[in-house]
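# Breakdown of the fold
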Amino acid sequence: MWDTIIVQPFTNLLLLITMLVNNFGIAIILFTILIKLITYPLTAKQLKSSMAMQDLQNDPQYKKTMEKYKDNKEKAAEAQMRIYKEKGVSPFGSCLPTLIQFPVILGLYQGIMRVMASTPLELVKLERLVYPFLDVNKILPIQNRFLWMDLGQPDRMLIGSIGIPILAILVVITTFIQSKIMQPPTQGGANDQSAAMNSSMTMMMPLMMGWMAYQFSAGLALYFLTSNVTTIVQYAAMGRADWSKILPWVQPKETGKITPVIDLEDDDDEEEEQEVVKTVKPSARSAAKRKRPKRKK
Amino acid sequence: MNKKVIRIVALLVLAGAVLTGCAAGVRAESTPGVTVTDDYVYVAYMNSLYQLDRLNGSQVSIFPEKASANLAMYAPPVAENGYVYFGDLANEFHKATAGNLTQMVWTFDQARGWFQAKPALAGDIVIAPSTDRNVYAIRTESGNLDWVYEGEYAFIAEPVIVGDKIIVSAQDRHVLVLDRISGQELYRTEMTGAVLSAPLYDVETGSVFVGSLGREMISFDLETGAVNWVYGEGKDLSTVWATPILLDNQLIFTDTSGKIIALDPKTGEELWQNHAGGRVIAGATLVEDKGFLVAREDGTMTFYALTQGGDWTVTVPGNIYSKPIVGGNQIFVPVVKADALLYTYSTSGVPGWSFSPAK
C-alpha cells in the first residue's frame, strides 16, 4: 500500500527525470527541488503559522496573561485559546503541514534509495517498481557517477591518499546556515531557556546531518544538500532569513518600537495601551498590522 | 539541557532512524551467496560468512568471530587448496584458511567499492570484480595487486576464466573479454541491455552464451568475438537475468516472466518453449545427465527430467532469487524471507537439512 501510493510514483518520477537528463546526480537535484516546490505552499503555511505563534508568545501582554494564570492551568489554557481565536492563530497551524509533508519526505528518501539499487536483489525489486510505460532496459543500469562521486558509495574525494568527505562537510555547513538564519529571535529573561535550546539545536542538527551524510551513500548526501539549499532559498524568498546571524558585515534586520496588536486583557483585568520595544522581527503581514496601533475601548 | 531540548533531540534522532531504516553501517539487501565444495558449504549473508559441514549443515567456522554492523557480505566465496577467497561490502577482499575463517592469510584493501560478485581463480591470481567499476587481479600468494581493469559501471557478475581469457559481464551493455596476464581488454561484445549474470562458455564449440536485460540471448565466438546469433528480436521475451545452461545439445534459459526456452546452441533456433507458472529470476540449474531445475521466485522449484516421468516439484519455504547449486546428489537452495538461509534437497526432491544462523 505504502509502496504503491507513495514510493512507486516517487521512484518512477525520479527514474523519468534520470532518463530525461541522463544523469542520476542531476536527477536527484531536480527531483528534490521539484518536490520542494510542490510542497512549498505547505512549507510557507507552516512557517507563517510558527512565526505567528512566535510573535504571539513574545508579546509582553500575552506573557502577562499567562503569568497571571500561572497557578491555574485550566484558566490559563482558556485564556490562551481565546487569544488564539481572537488573533486567528491556530496552535496546530504548523503541525498539519508538517504531518502532510512527512510522507512526502519519506517517499522522496525511499525513492532515491530504491533507484540507487546496487545489489542484484535490489535491482530485481527496482525492476518490479518501474511502471510499464518506462522501459526498464533503457533505465538500467543507473549511472551512479556524478562529478567526483560514486552516488552509491559514501562520498570521499581522494586528495593524495586522504579521502575528504566534501558532501558531508557541505551538509554540515548548509544545515548550520539553515538552522542559524531560521533561528527565532529571543528576548532576555524567560527566553534564556529558549535561546539555550536554539543554540544547542544549531549545533546538534548540523552534526547529526553531517554524520548521516558521512555514513550513507553520496546520493543521499546530495539529497540532504539540495534540500538544505532549497529550504534556505525558500526561506530567504519569504523574507524571513536573517543573514546578520551568519554574515557579521550584514546589518541585523531593523527592530523597532512596535505596539502590540493583541487584545489580551480578560474581563477582570483592563489594561491601558502600551508601547513596547520588541526585539522580535515582525513578519511582513504582522508588521503591516503593527503600523496601526489598536486602541482598546 | 532542559527537557524540551532533550525531547527535540530525541525526535530528531527518531526521524533520522526512520529515514535511514534504523540501520548503522553497511546498508544493502541481497541473497545469500553459497559455494559448495567436497566437504563444506559456505554461506555469505549479511554480517557473516558461515562454513558448514556439507553432510549435516552444522557450523564449522564463522567470519568474523563477532558480527559487526559495519561488515556485510553476500558474494559466494571461492574455496580451493585449503584456502577461501571472499570479498565483502566493506570494500575488502580476503584470503582465509579453510577450516578457520578467522585465520586470515591476507586482506586486500585497495578497492573503493563492494565485492558482490563471486571471484574466480586463474592460476596464481584471483579475479575480483568490484562495484567501484574495477576488476582486480590479486596475487593469491601475497595479496598484492597484479593488475586492475577500469570499467564504466559497477561489476556484480562472476567472471569466467577460459585459458588466458577472462570473460566479464558488464552493466554497461557489454560483455568484456580481458587478457588474463595483463588485464588488457581484448574486445567487447555489444548487448542491448545490462548484463547481470555470468556468461556460459561451451568448451566444445568455443562459443559464449549470455542474456541481458535487453530481452535477448546471444552467442559469440570467444576466439574472434564474432556474434554467432542473437535470439530475442520479434519474440515475446522478458528480461533475462540468469546464466543459461547446456543440456543434451540444447541451450536452456528462462526469462523473468517464467518462460523456459530451449535453443539450438549452434544456430539459435528455438526448439521448444515452456512456462514455469510464475516469475523466475534464478534461471535454470543443470543437474548433470539427469535434467534441470527451475526455481520460481515464490519458492516453487521444479525438476524437469530428461527421461519421462522423472519430473518433481517442491515448495521451498522462502523466495528464491539466486540459482540453486547442485553438488553430487544434493541440491542447495539459498532463500530470503524464510526461517532459514539455506535448504537442501536430494536430486530426487527429498528435503534434507536446512541452515539458520544462530540468533
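The structure displayed is predicted, hence computed values, not measured ones. (Residues numbered from 1 in each chain as written. Chains lettered and ligands numbered in written order. Predicted model: local features only at pLDDT ≥ 70, side-chain atom pairs only at ≥ 80, totals over all residues.)

### Quick word on the overall build of chain A
The test is simple: The secondary structure listing takes helices from DSSP runs of H or I that are at least 4 residues long and strands from runs of E that are at least 2 residues long, numbered from the N terminus. Backbone-placed C-beta atoms define the burial measure: a residue is buried with 20 or more other C-beta atoms within 10 Å of its own, exposed with 12 or fewer, and partly exposed in between. Placing C-beta atoms from the backbone, we regard two residues as in contact once those atoms come within 7 Å.
The helix and strand inventory of chain A stands at 12 helices and six strands. In chain A, buried positions account for 30% of the 297 residues. When contacts within chain A are restricted to residue pairs at least 6 apart in sequence, long-range pairs at least 24 apart make up 73% of them.

### Points about the overall build of chain B
Regarding its fold elements, chain B presents one helix and 32 strands. In terms of overall dimensions, chain B has C-alpha extents of about 75 × 50 × 45 Å along its principal axes. For chain B, the residues scored as buried account for 48% of the 359 residues in total. Across chain B, the fraction of contacts at a sequence separation of at least 24, relative to all contacts at a separation of at least 6, is 40%.

### Considering the packing of helix H2 (residues 24-38) of chain A against helix H11 (residues 218-237) of chain A
All names here are of chain A. Worth spelling out the cut-off: All axes here are fitted lines through C-alpha atoms, helices being fitted over the stretch that makes contact, and every angle between N-to-C directions spans 0 to 180 degrees. For classification purposes, angles smaller than 35 degrees are called roughly parallel, those larger than 145 roughly antiparallel, those between 65 and 115 roughly perpendicular, and all remaining angles oblique. By convention the crossing between two helices is left-handed if the near helix lies anticlockwise of the far one by an angle smaller than a right angle, and right-handed if it lies clockwise. Classification used: nonpolar for Ala, Val, Leu, Ile, Met, Phe, Trp, Tyr, Cys and Pro, charged for Asp, Glu, Lys and Arg, polar for all others including Gly.
Direction vectors running N to C along H2 and H11 enclose 40°, while the axes themselves pass 9 Å from each other. On the basis of the axis angle, H2 is oblique to H11. Judged by the twist between their axes, the crossing of H2 over H11 is right-handed. Between H2 and H11, the residues in contact are Gly 25, Ile 28, Ile 29, Thr 32, Ile 33 and Lys 36 and Gly 219, Leu 222, Tyr 223, Thr 226, Ser 227, Thr 230 and Gln 234, respectively. When its residues are assigned to classes, the contact of H2 with H11 shows five nonpolar, seven polar and one charged.

### As for the sheet that holds strand S12 (residues 145-150) of chain B
Residue and element names in this part refer to chain B. Put simply, the rule reads: Here, strands pair whenever DSSP counts at least two bridges between them.
The antiparallel open sheet is built from four strands, whose spatial order is S9-S10-S11-S12. Every other strand in the sheet has two partners, leaving strand S9 (120-122) and S12 as the edge strands with one partner each. Along the sheet, successive strands turn relative to each other by an average axial angle of 20°, direction set aside. Alignment of S9 against strand S10 (residues 125-129), held across three bridges, turns out to be antiparallel. Its bridge partner lying in S10, Ala 120 is registered against Ile 127.

### Regarding the confidence of the model for chain B
Detailed reading of the predicted coordinates is not advisable wherever pLDDT falls low. This is how the line gets drawn: pLDDT gives the predictor's per-residue confidence on a scale running from 0 to 100.
The pLDDT averaged across chain B works out to 92; a share of 92% of its residues lies at or above 70. Predicted complex metrics record ipTM = 0.81 and pTM = 0.78.

### Brief notes about the sheet that holds strand S1 (residues 33-36) of chain B
All names here are of chain B. Reading across from one edge, S1-S2-S3-S4 is the order of the four strands in this open sheet, with antiparallel pairing throughout. The sheet is open, and its two borders are formed by S1 and strand S4 (59-63), each paired with just one other strand. Across the sheet, the mean angle separating the axes of adjacent strands is 15° when strand polarity is ignored. In terms of strand pairing, strand S2 (residues 40-45) meets strand S3 (residues 48-53) through six bridges, oriented antiparallel. Bridge pairing links Ala 44 to Leu 49 in S3.

### A few points about the nonpolar core
The nonpolar side chains of a soluble globular protein tend to be buried with one another. Quick note on the threshold: Residues of type Ala, Val, Leu, Ile, Met, Phe, Trp, Tyr and Cys that are buried and joined through C-beta atoms within 7 Å form what is called a nonpolar core.
Counting residues in hydrophobic clusters, the biggest one holds 144 residues, and the most contacted among them are A:Ile112, A:Ala221, B:Val43 and B:Val333. Broken down by element, this core gets its largest block of residues, seven residues, from H11(A). Here B:Val43 is in contact with B:Pro32, B:Val34, B:Tyr50, B:Leu52, B:Leu341, B:Leu342 and B:Phe355, once residues within four sequence places are set aside.

### A look at the packing of helix H1 (residues 2-21) of chain A against H2(A)
Residue and element names in this part refer to chain A. The contact between H1 and H2 brings their axes to 8 Å, and the two run at 130°. Regarding the angle of H1 to H2, the classification is oblique. Judged by the twist between their axes, the crossing of H1 over H2 is right-handed. Here Leu 13, Leu 14, Ile 17, Thr 18 and Val 21 of H1 lie close against H2, whose contacting residues are Phe 24, Ile 26, Ala 27, Leu 30 and Phe 31.

### Considering the environment of A:Met204
All names here are of chain A. Inspection of the secondary structure assignment puts Met 204 in helix H10 (residues 192-215). The class for Met 204 is partly exposed, based on 18 C-beta atoms found within 10 Å. For the pair Met 204 and Ile 35, spaced 169 residues apart in the sequence, the C-alpha separation amounts to 26 Å.

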